[in-house]
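Now for the letters of each chain:
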Amino acid sequence: MAGCASTRDTLLAQGYPMAFVDGFEAGCSSGRQAAGVITGEFRKDVPRYLKDATYAEGWSDGFRQCQAQVQSEERRHHEARLQDGGDDWERNRGTAMGRALHPD
């Protein structure tokens with residue numbers, strides 16, 4: 001979502017109905033919580049979800065998109081740590097090997 005505009009403002013500006021936007025926000029928070037984000041909170045207006053297909057669609061879209069975004073960010077961070085740690089491991093292995101072969 002663009003710049004300083006909130007997700008709500010952006011979706012409304014793109015023409016999504018209010019029910020979809022409400023569902024998207026609740027689903028997004030729930031998806032972030034399901035992915036393990038501490039600030040995520042499970043939110044779902046169950047009666048509305050069962051009665052209002054537009055709210056339900058927004059909730060499902062928000063849940064999937066936000067959960068996937070968190071998981072993708074975590075995967076990138078994990079891969080970066082592995083890459084950085086892999087270089088350290090290689091350096092430490094070389095140093096340890098050097099000490100083993102050439103003790104002082």
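Everything numeric in this text was worked out from a predicted model, so none of it was measured.

1. Section: the packing of aromatic side chains
Next, step 1: Counted according to the given criterion, the structure contains five aromatic pairs.
Next, step 2: Considering the side-chain rings of W59 and F63, the 5.2 Å spacing of their centres and the 15° angle between planes classify their relative orientation as stacked. You can see W59 and its partner F63 sitting in helix α4 (residues 53-101), four residues apart, about one turn around the helix.
Next, step 3: On the accessibility criterion, W59 (8% relative accessible area) is buried.
Next, step 4: Members of the aromatic cluster, connected to one another through ring pairs, are F42, Y49, W59 and F63.
Next, step 5: Over the face of the ring belonging to Y49 we find K44, whose NZ or CZ atom lies 4.0 Å from the ring centre.

2. Regarding helix α2 (residues 18-34)
Next, step 1: Over its 17 residues, α2 runs 24 Å from end to end, which matches the ideal 24 Å to within 8%, given 1.5 Å per residue.
Next, step 2: Counting buried positions along α2 yields twelve of 17 residues, so the element is predominantly enclosed.
Next, step 3: Residues of α2 that are buried include every one of A19, F20, V21, D22, G23, F24, A26, G27, C28, S29, S30 and G31, and no others.
Next, step 4: Of the residues one or two after α2, G36 is the one with positive phi, at around 100°.

3. Quick look at the pattern of salt bridges
Next, step 1: For the coordinates displayed, the defined rule picks out five salt bridges.
Next, step 2: Its salt-bridge partner being D22, residue R48 comes within 3.1 Å of it at the nearest N-O pair. In this pair, R48 is assigned in helix α3 (residues 46-51) and D22 in helix α2, connecting sequence segments 26 residues apart.
Next, step 3: Its relative accessible area of 25% is what places R48 among the partly exposed residues.
Next, step 4: The salt bridge partner of R64 is D61, with a shortest N-O separation of 2.8 Å. Here R64 pairs with D61, and both are found in helix α4, just three residues apart, close to one helical turn.

Thresholds applied
Starting afresh in each chain, residues are numbered from 1 along the sequence in its written order. It should be noted that, the model being predicted, local features are given only for residues of pLDDT at least 70 and side-chain atom pairs only at 80 or more, the latter also being counted only at that level, while totals for whole chains, interfaces and linings use all residues. Side-chain numbers come from the whole structure's heavy atoms, not from hydrogens or water. Here a pair means two rings of Phe, Tyr or Trp (six-membered ring of Trp) with centres within 6.5 Å. Their orientation is stacked below 30 degrees between planes, edge-to-face above 60, and tilted elsewhere. Helix and strand definitions follow DSSP, with helices as H or I runs of at least four residues and strands as E runs of at least two, each counted in order from the N terminus. With a 1.4 Å probe rolled over the protein chains alone, any residue whose accessible area is under 20% of its type maximum counts as buried; one over 50% counts as exposed, and the rest are partly exposed. Only Lys NZ and Arg CZ are tested; either one counts as a charge over a ring when it is within 6 Å of the ring centre and within 35 degrees of the ring normal. Here the expected length of a helix is defined as 1.5 Å per residue gap, with one fewer gap than residues. Salt bridges are defined by distance alone: a side-chain nitrogen of Lys or Arg within 4 Å of a carboxyl oxygen of Asp or Glu.

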